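In case you want the letters, here they are:
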Amino acid sequence: MQLLTARQQQVWDLHSKGKTRREIGDALGISRFTVKDHLMAARDNLKKFGGLELPEGFAMSKATVHYRNKDGEMIPESVWPRLHPEVSNLSDFVDTLCDKASGKGRSFKYPKNKTADDDLLEIAVCDAHLGMYAWAEETNDENYNLNACYEKIVMGITEIVNNCKPAEIHLVFNGDFLHSDNHHGTTDKSGHILDMDSRFQKVICKARDIIVDAVKICTRAAPKVVLHIIGGNHDPHAGPWLSLVLDSYYNQCENVVVDTAKTPHRVVTWGDVLVSWAHGHNVTYNKWQGIISTDYKEQWAATSKRYLHLGHIHHRKKIRPIMGEEQIGLVVEYLPALCPLDSFASEHGFIGSLKGVEGFLYSKQGMKIRYPFEF
């Protein structure tokens, strides 16, 4: 007996490969709402797997079945399912946010009587760890909470943009913008329990305030602003969904562009200059030249001044260019974190690091000046 119709089988096969409802709809020429109907019908028809009914909104990656021996016959006794939220449901959640935010963003217009230089300004905010709690008496550093994070970012960006008149500003939140991107207050892979604000909705609201106010500051200072939000090891999911929602939010603002690339590293070029970013938690520094030169062949070939800015290690560290036989390599630099020490860092001796927001001004011939704003 065939449990699924031909269309249900098509939808289910794509769903099983991890495709979102929007991607399935685009592939089959139907709406994502029709895809949802087919998935629900297919679920009802299939209903059970080994006697286990899956809860709505979850998929099973694998299951452990316990058997017992009864008169020489192995009989299943219990099933332990490994469930996870369906990608399609997460995608629908983000789609809903995008729909609600669409076109609501507003930005300042660059004054017509103000002339910008032909420069690109990079503002890098690394490891803000929004939502982190730190107690000065415990860490021998400084207190830290949502308001302290907001004030540091806004102050740093304001001070940096007051030093120049760029044609473009690239505002980069380079990983670990959020201390955790779940309401449990844990890291995604290791499950480490973090010292953080448990009011996750308030953390998200503060993230919104920081980004919106930062963009307003930048649109006053340059004709064009490009926003990059890169996920880190503490917030691997926040980067992609924040970027999508903000892209929808600013879709009526001609002078604000949101980078929605899915890659863990990003590249822009400005004349003879290539600037790239990544959080840096999965790759050692000596591999980056090969990654950037391979993944971005055309940009690499068209430039001779190349920079990569990383975060993650919470202190400044520069790796000079690696020289090849016929090509100049890449200046790889780890930038300081915005946040102070938390109890874990203090306990394990990670002390004495600079904290701040970094600015870099580039002409089309190379880097002109650096603006380190340290706290």
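Quick caveat, the model's predicted, so the values are computed rather than measured.

### Re the overall build of the chain
Broken down by element type, the chain carries eleven helices and 15 strands. For the chain, the computed accessible surface area is about 19,600 Å², with 52% contributed by carbon and sulfur atoms.

### A word on the packing of aromatic side chains
Both the distance between ring centres and the angle between the ring planes are used here to describe each pair of aromatic rings. As enumerated under the stated definition, the model contains three aromatic pairs in all. Aromatic pair Y249 and Y250: ring centres 4.9 Å apart, planes at 80 degrees, arrangement edge-to-face. A relative accessible area of 22% means that Y249 is categorised as partly exposed. Take Y250: its relative accessible area is 2%, and that puts it in the buried class. The side chain of K206 reaches across the aromatic face of Y150, ending 5.3 Å from its centre. Positioned over the ring face of F108 is R220, at 3.7 Å from the centre of the ring.

### Some words on the nonpolar core
Counting 54 residues, the largest nonpolar core has I123, I153, F173 and F177 as the members making the most contacts within it. Not counting residues up to four positions away in its chain, the partners in contact with I153 are V125, A128, F173, F177, I210 and L338.

### Overview of the packing of helix α1 (residues 6–16) against helix α2 (residues 21–28)
At a minimum axis separation of 10 Å, α1 and α2 run at an interaxial angle of 130 degrees. By the criterion of interaxial angle, the relationship of α1 to α2 is oblique. In this structure, the crossing between α1 and α2 has a hand that is right-handed. Facing R7, Q10, V11, L14 and H15 of α1, the residues of α2 in contact are I24, A27 and L28. Residue classes in the contact of α1 with α2 are distributed as five nonpolar, two polar and one charged.

### Remarks on the sheet that holds strand β7 (residues 224–230)
Across the sheet, six strands lie side by side as β8-β7-β6-β5-β14-β15; this open sheet has mixed pairing. Looking at the sheet topology across the chains shown, the edges are occupied by β8 (256–258) and β15 (367–374). Each strand of the sheet is rotated relative to its neighbour by a mean of 15 degrees, with strand direction disregarded. Of the strands in this sheet, β5 (120–125), β6 (168–174), β7 and β8 touch helix α7 (residues 200–221), which is tilted by about 160 degrees from β6. The strands touched by helix α8 (residues 238–249) within the sheet are β7 and β8, with β7 carrying the most contacts at an inclination of about 155 degrees.

### Examining the environment of C218
Along the chain, C218 turns up in helix α7. Residues C218 and L171 lie 47 residues apart in sequence; the distance between their C-alpha atoms is 8.2 Å.

### Things to note about the confidence of the model for the chain
The predicted model of the chain has a mean per-residue pLDDT of 82, with 81% of residues at 70 or higher. Here strand β1 (residues 48–49) stands out as the least confident element of the chain, with mean pLDDT 46; β5 is the most confident, with 97. Counting interchain partners and residues more than four positions distant, the pLDDT-below-50 stretch residues 320–327 has ten contacts.

### A word on the environment of A136
Turning to its location among the elements, A136 is positioned in helix α5 (residues 136–139). Separated by 205 residues in sequence, A136 and L341 place their C-alpha atoms 8.8 Å apart. When sequence neighbours within four positions are dropped, the list of residues in contact with A136 reads D141, E142 and N143.

### Topic: the side chain of D197
Residue position: D197 is located in the loop between β6 and α7. Given a relative accessible area of 3%, D197 falls into the buried group. In contact with D197, other than residues within four places in its own chain, are G131, Y133, L146 and V203.

### What to know about the pairing of strand β14 (residues 356–362)
Both faces of the sheet carry side chains from a regular strand, because those side chains alternate between them. Of all seven residues making up β14, seven are buried, and the element is well covered by its neighbours. By the bridge criterion, five bridges tie β5 to β14 in an arrangement that is antiparallel. Note that in β14 the partner of L121 across the bridge is L361. Where β14 and β15 come together, seven bridges link them in antiparallel fashion. Within β15, the residue paired with Y362 across the bridge is M367. Hairpin connection of β14 to β15: four residues between the antiparallel strands, including G366 at a positive phi of 155 degrees.

### Let's talk about the environment of D176
Along the polypeptide, D176 turns up in the loop between β6 and α7. Accessibility expressed as a relative area gives 1% for D176, which makes it buried. Excluding residues within four positions of it along the chain, D176 makes contact with D127, A128, H129, I230, G232, N233, H234, D235 and H279.

### Here we look at helix α6 (residues 146–161)
Compared with an ideal rise of 1.5 Å per residue, which puts 16 residues at 22 Å, α6 spans 23 Å between its outermost C-alpha atoms and is within 8% of the ideal. L146, A148, C149, K152, I153, V154, G156, I157, I160 and V161 are the residues of α6 that are buried. Where the residues of α6 are buried, they touch β5, β6, α7, β14 and β15. Capping the start of α6 is the job of one residue whose side-chain oxygen sits 3.2 Å from the backbone nitrogen of N147: N145.

Conventions adopted
- Residues numbered from 1 in each chain as written.
- Predicted model: local features only at pLDDT ≥ 70, side-chain atom pairs only at ≥ 80, totals over all residues.
- Heavy atoms only, no water.
- Helix = DSSP H or I, 4+ residues; strand = E, 2+ residues; numbered from the N terminus.
- Areas by Shrake-Rupley, 256 points an atom, 1.4 Å probe, with all protein chains shown as cover.
- Phe/Tyr/Trp six-rings, centres within 6.5 Å; stacked < 30°, edge-to-face > 60°.
- Buried < 20%, exposed > 50% of the residue type's maximum accessible area, 1.4 Å probe, protein only.
- Lys NZ or Arg CZ within 6 Å of the ring centre and 35° of its normal.
- Core = buried A, V, L, I, M, F, W, Y, C linked by side-chain atoms within 4.5 Å.
- Contact = heavy atoms within 4.5 Å.
- Axes fitted to C-alpha atoms, helices over the stretch in contact; angles between N-to-C directions.
- Parallel < 35°, antiparallel > 145°, perpendicular 65-115°, else oblique.
- Left-handed = near helix turned anticlockwise from the far one by under 90°.
- Nonpolar A, V, L, I, M, F, W, Y, C, P; charged D, E, K, R; others polar.
- Pairing = 2+ DSSP bridges.
- pLDDT = per-residue confidence, 0-100.
- Expected span 1.5 Å × (residues − 1).
- Polar contact = N/O pair within 3.5 Å; in protein donor to acceptor, adjacent residues only side chain to side chain.

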